[in-house]
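The residues making up each chain are set out below.
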Amino acid sequence: MKIRCARCGTLLFVYLKVGEGRLWHCWRKRIIEDYTVKVGDDVKCPKCGAIVGLEKEAFINIKQRSIVVEK
Ligand SMILES: [Zn+2]
């Protein structure tokens with residue numbers, strides 16, 4: 001599935017999601033493509049600079065309102 005920026009629609013991740021329900025975090029091993037920009041722990045949209053998540057050790061903590069999921 002594709003995860004896009006809610007503000008500008010730019011593709012952020014191509015992600016392999018397992019199971020149903022909301023996407024709370026992106027596990028690093030399931031990220032197929034990553035277009036985001038990392039500034040410290042912030043994960044940002046490469047186009048508009050919106051913060052879309054927070055980088056953790058094994059996953060990226062997703063800000064729910066900052067992304068749109070496309071199946
Ligand atoms: Zn954006």
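Read on for a plain summary of the structure. (Residues numbered from 1 in each chain as written. Predicted model: local features only at pLDDT ≥ 70, side-chain atom pairs only at ≥ 80, totals over all residues. Heavy atoms only, no water.)

### A closer look at the sheet that holds strand β9 (residues 67-70)
Here's step 1: Taking strand neighbours across the sheet as the criterion, the 4 strands line up as β4-β2-β1-β9 in an open arrangement whose pairing is antiparallel. Each edge of the open sheet carries a strand with a single partner, namely β4 (31-34) and β9. In this sheet, adjacent strand axes meet at a mean angle of 20 degrees when their direction is disregarded. (Pairing = 2+ DSSP bridges. Helix = DSSP H or I, 4+ residues; strand = E, 2+ residues; numbered from the N terminus. Axes fitted to C-alpha atoms, helices over the stretch in contact; angles between N-to-C directions.)

### Structural notes on the pattern of salt bridges
Here's step 1: Under the definition given, this model contains 3 salt bridges.
Here's step 2: Between Arg 4 and Glu 70 there is a salt bridge whose closest N-O contact spans 2.7 Å. On the criterion of sequence distance, the pair formed by Arg 4 in strand β1 (residues 2-5) and Glu 70 in strand β9 is long-range, its members being 66 residues apart.
Here's step 3: The partner of Asp 34 in a salt bridge is Lys 38, with the nearest N and O atoms 2.8 Å apart. (Salt bridge = Lys/Arg side-chain N within 4 Å of Asp/Glu carboxyl O.)

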